[in-house]
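# Breakdown of the fold
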Amino acid sequence: RAGLTAHFVDHYDDIYRLAFESSGAPDLPMASRGAGVVTVVTPAEEAITPPTAPRVPSEHSVADPAPSAAVTALAAARAAAFA
């Protein structure tokens, strides 16, 4: 989600520190027994641009002006019919 901060922890020691660090609660008497805390901050929603869908070219794409084999065969058959 946009505008959120997520903290990833693996031990209650880290949760206690995150939850009570600004409340004035006493610190735990020992170092954390878990791995380090990983914090991820997501950008605000207005800074996020929506993903664009990849462009899949078709046989009738303007970028590919060569006609397909079916179109070429149809044009040849019409030309032969009106010749």
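In this text, all values refer to a predicted model and were calculated from it rather than measured experimentally.

### Observations regarding the packing of aromatic side chains
Under the criterion given, the structure shown has two aromatic pairs. Taking the centre distance of 6.5 Å and the plane angle of 50° together, the rings of Tyr-12 and Tyr-16 count as tilted. Of this pair, Tyr-12 and Tyr-16 are both found in helix α1 (residues 12-20), four residues apart, which corresponds to roughly one turn of the helix. A relative accessible area of 53% places Tyr-12 in the exposed class. The interplanar angle of 50° and the centroid separation of 5.0 Å between the aromatic rings of Tyr-16 and Phe-20 together place this pair among those described as tilted. Of this pair, Tyr-16 and Phe-20 both sit in helix α1, four residues apart, which is roughly one turn of that helix. For Tyr-16, a relative accessible area of 17% gives the class buried.

The rules we used
Residues numbered from 1 in each chain as written. Predicted model: local features only at pLDDT ≥ 70, side-chain atom pairs only at ≥ 80, totals over all residues. Heavy atoms only, no water. Phe/Tyr/Trp six-rings, centres within 6.5 Å; stacked < 30°, edge-to-face > 60°. Helix = DSSP H or I, 4+ residues; strand = E, 2+ residues; numbered from the N terminus. Buried < 20%, exposed > 50% of the residue type's maximum accessible area, 1.4 Å probe, protein only.

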